[in-house]
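The residues making up each chain are set out below.
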Amino acid sequence: MKHKQVLISVSIMVIATMLVLVYAWMHPAEATIIISIYIITVIFMLLISGISNAIYYKNNPTIDIMEFSDITETLNTEILLWTNDCSAVFMNKKLRDELGIESLDFDNQEMIKKVFDIQNTNAKTIDMLINGQLGESHVTNEYNEEMYIAWSTSLIKKTKKASLYMSTGFNFTELKKTQRELEKSHQRHNLSMELSEIGVILSRNDKTFQISSEFMRMLGYDKPIISFGELKMLIHPNDRNAYASYISANYNSESCTSEITNLELQIKSYDNAYHWYSMRLKTVPSNENNGQTIIGGAIIDITSEREKDMMIERLAFTDEVTDIANRNKLVKIGQENYNCCKELGYSYWVMVLDIDKFHIINDTCGYSNGNKVLKAFASNLYKYISLGGFSARISGDNFAIITRDYGDDELPRKTAEQIQRDFQKLAVDEFSLQSLSCSVGYSRMPADGANFMEVLEHAEFALKCSDGSRNSICAYESHMHDEIIDNSELEKSLSDAIDNNELKLFYQPKIDLQTGAIIGVEALIRWIKPDGTVISPNVFVPIAEKSHLIARISEFVLQEGCRQNVMWQKLGYPEIVMSINFTSDDFYQKNLKENIFEALVISGLDAEWLEVELTERLALHDVDYAVSQMNQIRELGVKLAMDDFGTGYSSLSYIQILPITLLKLDRSFIVDIETDPIAFEIVNAVIRIAKSKKIETIAEGIENPNQAKILRELGCNFGQGYLYGKPMPPEQLEEFFKQNMKERKVY
Ligand code: C2E
Ligand code: MG
Ligand code: MG
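If you're wondering where the values come from, they're calculated on a predicted model, not measured in any experiment.

Visitor: Just give me the short version of helix H27 (residues 705-714), but keep the residues and values in it.
Guide: All of the buried residues in H27 are Gln707, Ala708, Ile710, Leu711 and Leu714. The buried residues of H27 all sit within an arc of 165° when viewed along its axis, so they share a single face. Among the structural elements, helix H25 (667-672), helix H26 (677-692) and strand S24 (696-699) are those in contact with the buried residues of H27. Of the residues flanking the start of H27, the one acting as N-cap is asparagine 704, its side-chain oxygen 3.0 Å from the backbone nitrogen of asparagine 706. Just downstream of H27 lies glycine 715, where phi reads positive at about 100°.

The structure is reproduced here in structure tokens:
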């Protein structure tokens, strides 16, 4: 408007000046006066105009929009300058070009309505514009194109009459188009997905997913929107971490990856059961929403494929009998854990467990009951596994546990003891057996091996190195290798020794405490090497037991003992009882009765001159079966002695149920009998109870006459010990016979 006025004023001035100059040229005499008058008049008029303008602007201050137009004209963003009374409006070149407006000569009110996409320009609407409530406009420009502009408005000048605002625009037409295309393509995508039974999720900026109707059907979910958290809670706890990690890594564009990620998750589904789903996820950065991203995913139910895979995995990695993992699986998981140890500095314990004398359970209770014991043992193991731990059956009666090591060196021992206690309880509660036990060897990972297999082998080494007794627990130590080599060498040479007749029986006399007469001998085995070295049975019998060489040894002892006794009888020595020692393998063998009978027949020994010594631990392994085996021996007429009585954990009440004929008081009571009143009382009580049951008693390890005297006075029937004679070879025993026939000592 102002431009027009200026233009008219300037034009009038130019015309007036021209007229004055023409008049002056035509009247040269008056020219000076006329031009002077004209100049004075112009100056006067300019003065009047200036003063009146000053007075006007002083009384009616208004806004000169032009002072800002120059600055904003060339800016590369859409700018609209406008006064709240619509008296002045200016749009910069960028905005004019986009709207297709060539001239600034337009209707202010209409232009404001158009640009801001508003119905009217009343005070309320203007307020809303200023407050940003009408921030987005949808405009159709002069070329009939749709435009979307987001406006941000700020006050730049205020007078009494009006306020001048500057609105800065952001043209998001392209974005809007892309979004529309995306929506369209998603709709098409959804449609095709639904037809192909693929669920779809698409994140929104409020931490929710829009989910396709197919995915809703899969989940049995009735809303098309599900929050990140709600979906997480439907995912199986084992798989939640994978999902949560993906979301947190991809929610913001800084850390998001544009690669396709495939997650296999179990999600609680329409039937309230977990189904396996393959979730292919992709994240794209979005220009909107403060750096948030768009996460999209296609989801397929893979339960049936997974079940097939699991079936295959099951067959390859599960132990059929116990239903827990097998050795293959243990090795796989173990190596993964080993790698973890190396990468993350973790440490694990690897424990190998062996059920003691399991073959006896199989022999005595039957194969199917043996399997039940294995199952029960296996299903208990999970209790001892800490987070990330693992258990498996690695062979026959051998199991393994991997459990985290949090720095407590005693943990494997404590765990092993707990397993042993629970196993014993299981024996009584569920299998009506007197006892079940297991031995444990353990090693530490990664310290005890260069890989998992080595660590496992070392735990197995430790198990082999245990003392061979029930419920033994043994930690791996590097020097064990030497011992194992020694043991396996020993095993080999023991086998050769049997072949080369290096095993000999020594005999230790048993004396009647009342008369001093020899009433029997105990056959005690010795290994005499060709160089004359004598190896104690305490050294090689346990090795023989582990390697099953014991069967050959026991057969030799039984036959040789019988043969020797018959020989002495034939030589005219007094008839005596030959005692032989049995291990649990010997005792629990199925054809025990037949084997003893055969030895008696072959040797021609009368059964009453043979006695079998059993330890109480051995007999109490399974009392019912032990009693039936004992009865078989007794049926032959062979005597039965309970060896080492008092060292096990039996109670005196067992004396009443076991069909024994002799009770051998352990040497440990005899050693203390003179000095320890408790030992004295125990021996006294045992002798009395045995007597009442018509069971004879013998004291082992009598070394001095006083011990013999006390025992005789307490009513003990027989004695055995160095006082009378050490275990000796047969020739020496013959001398003893002769001596004993001549002179008998009673202490
Ligand atoms: P055991 O059956 O309790 O045999 C008694 C052990 O005590 C024998 O040791 C014997 O020499 C020792 N002994 C006897 N009197 C005394 C004494 O007054 N003082 C001391 N300090 N010791 C005495 P040995 O012969 O070394 O046998 C040890 C164990 O080896 C036996 O204990 C038995 O369990 C086992 N054993 C020995 N021979 C055989 C065998 O032929 N077959 C089986 N299965 N085991 C055997
Ligand atoms: Mg014995
Ligand atoms: Mg003994």
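The rest of the description comes next.
Visitor: Explain the packing of aromatic side chains residue by residue, including any values.
Guide: Counted under the stated rule, the structure contains 14 aromatic pairs. On the basis of an interplanar angle of 90° and a centroid distance of 5.9 Å, the ring pair of tryptophan 527 and phenylalanine 540 is categorised as edge-to-face. In this pair, tryptophan 527 is assigned in strand S18 (residues 518-528) and phenylalanine 540 in helix H18 (residues 537-547), connecting sequence segments 13 residues apart. Per residue, the accessibility class of tryptophan 527 equals that of phenylalanine 540, and both read buried. Summarising the aromatic geometry, the rings of tryptophan 568 and phenylalanine 737 are spaced 5.6 Å apart at their centres and angled 80° between planes, so their arrangement reads as edge-to-face. Of this pair, tryptophan 568 sits in helix H19 (residues 550-570) while phenylalanine 737 sits in helix H28 (residues 730-742), placing them 169 residues apart in sequence. Summarising the burial analysis for this pair, tryptophan 568 and phenylalanine 737 share the class buried. In this structure, lysine 726 packs its charged tip against the face of tyrosine 722, placed 4.7 Å from the ring centre.

Visitor: Tell me what's going on with the site of ligand 1, and back it up with residues and numbers.
Guide: Of all residues adjacent to ligand 1, which total 21 residues, the nearest are Glu522, Arg526, Asn581, Glu703 and Tyr722. Aspartate 643 is positioned with one of its side-chain polar atoms (N or O) 3.0 Å from an oxygen atom of ligand 1. Taking 780 Å² as the accessible area of ligand 1 by itself, protein coverage stands at 83%. Secondary structure elements with two or more residues in the shell around ligand 1: S18, H18 and strand S22 (639-645).

Visitor: Break down the pattern of salt bridges for me, with residues and values.
Guide: A complete count under the given rule lists 26 salt bridges for this structure. For lysine 94, the salt bridge is made with glutamate 98, and the minimal N-O distance between the two is 3.7 Å. Within this pair, lysine 94 and its partner glutamate 98 are both found in helix H4 (residues 93-99), separated by four residues, close to a single helical turn. When its relative accessible area of 25% is taken as the criterion, lysine 94 is described as partly exposed. Using a relative accessible area of 18% as the deciding quantity, one classes glutamate 98 as buried. Through salt bridges with shared partners, a single network forms among Lys510, Glu522, Glu611, Glu613, Lys664 and Glu700.

Visitor: Can you explain the pairing of strand S12 (residues 348-355)? Please cite residues and give values.
Guide: Residues in a regular strand project their side chains so that they alternate between the two faces of the sheet. Among the eight residues that make up S12, seven are buried, leaving the element largely enclosed by the rest of the structure. As paired strands, S12 and strand S15 (residues 438-445) are joined by eight bridges and run antiparallel to one another. Residue pairing in the sheet places isoleucine 355 in a bridge with cysteine 438 of S15. Where S12 lies against strand S14 (residues 398-404), seven bridges are found, and the strand directions are antiparallel. Its bridge partner lying in S14, aspartate 354 is registered against asparagine 398.

Visitor: Tell me what's going on with the nonpolar core, and back it up with residues and numbers.
Guide: Residues Ile596 and Leu610 are the most contacted members of the largest nonpolar core, which totals 86 residues. Excluding residues that lie within four positions of it along the chain, isoleucine 596 makes contacts with Leu558, Phe582, Leu610, Val612, Ile633, Leu636 and Val638. One finds Trp349, Leu374, Ile401 and Val440 within the second-largest nonpolar core, a separate group that totals 30 residues.

Visitor: Describe in detail the coordination of the magnesium ion (ligand 3), supporting the description with residues and values.
Guide: Within the protein, the atoms that donate to the magnesium ion (ligand 3) are Asp643 (OD), Asp644 (OD) and Glu700 (OE), at distances of 2.0 to 2.4 Å. Each donor residue of the magnesium ion (ligand 3) lies on one chain, and together they are spaced D-D-x55-E. Between the magnesium ion (ligand 3) and the magnesium ion (ligand 2), both coordinated by aspartate 643, there is a metal-metal distance of 3.9 Å. By relative accessible area, aspartate 643 is classed as buried at 6%.

Visitor: Pulling in residues and values, what's your account of the packing of H26 against H27?
Guide: Contact geometry for H26 and H27: axes closest at 10 Å, N-to-C directions at 40°. It follows from the interaxial angle that H26 and H27 lie oblique. Relative to H27, the crossing made by H26 is right-handed. On H27, the residues touching Phe680, Val683, Asn684 and Ile687 of H26 are Ile710, Leu711 and Leu714. Its residues placed into classes, the contact of H26 with H27 shows six nonpolar, one polar and no charged.

Visitor: So what's going on with the coordination of the magnesium ion (ligand 2)? Residues and values would help.
Guide: The textbook angles at a metal center are 109.5 degrees for a tetrahedron of four donors and 90 or 180 degrees for an octahedron of six. Listed as protein donors to the magnesium ion (ligand 2) are Glu522 (OE), Asn581 (OD1), Glu613 (OE) and Asp643 (OD); their distances from the metal cover 2.1 to 2.2 Å. Here the donor residues of the magnesium ion (ligand 2) share one chain and are spaced in sequence as E-x58-N-x31-E-x29-D.

The rules behind these values
- Residues numbered from 1 in each chain as written.
- Chains lettered and ligands numbered in written order.
- Predicted model: local features only at pLDDT ≥ 70, side-chain atom pairs only at ≥ 80, totals over all residues.
- Heavy atoms only, no water.
- Buried < 20%, exposed > 50% of the residue type's maximum accessible area, 1.4 Å probe, protein only.
- Helix = DSSP H or I, 4+ residues; strand = E, 2+ residues; numbered from the N terminus.
- Arc of directions from axis to C-beta.
- Contact = heavy atoms within 4.5 Å.
- Polar contact = N/O pair within 3.5 Å; in protein donor to acceptor, adjacent residues only side chain to side chain.
- Phe/Tyr/Trp six-rings, centres within 6.5 Å; stacked < 30°, edge-to-face > 60°.
- Lys NZ or Arg CZ within 6 Å of the ring centre and 35° of its normal.
- Near = heavy atom within 4 Å.
- Areas by Shrake-Rupley, 256 points an atom, 1.4 Å probe, with all protein chains shown as cover.
- Salt bridge = Lys/Arg side-chain N within 4 Å of Asp/Glu carboxyl O.
- Pairing = 2+ DSSP bridges.
- Core = buried A, V, L, I, M, F, W, Y, C linked by side-chain atoms within 4.5 Å.
- Donors = N, O, S within 2.8 Å, 3.2 Å for Na, K, Ca; no water.
- Axes fitted to C-alpha atoms, helices over the stretch in contact; angles between N-to-C directions.
- Parallel < 35°, antiparallel > 145°, perpendicular 65-115°, else oblique.
- Left-handed = near helix turned anticlockwise from the far one by under 90°.
- Nonpolar A, V, L, I, M, F, W, Y, C, P; charged D, E, K, R; others polar.

Just distances and angles here, no functional claims.
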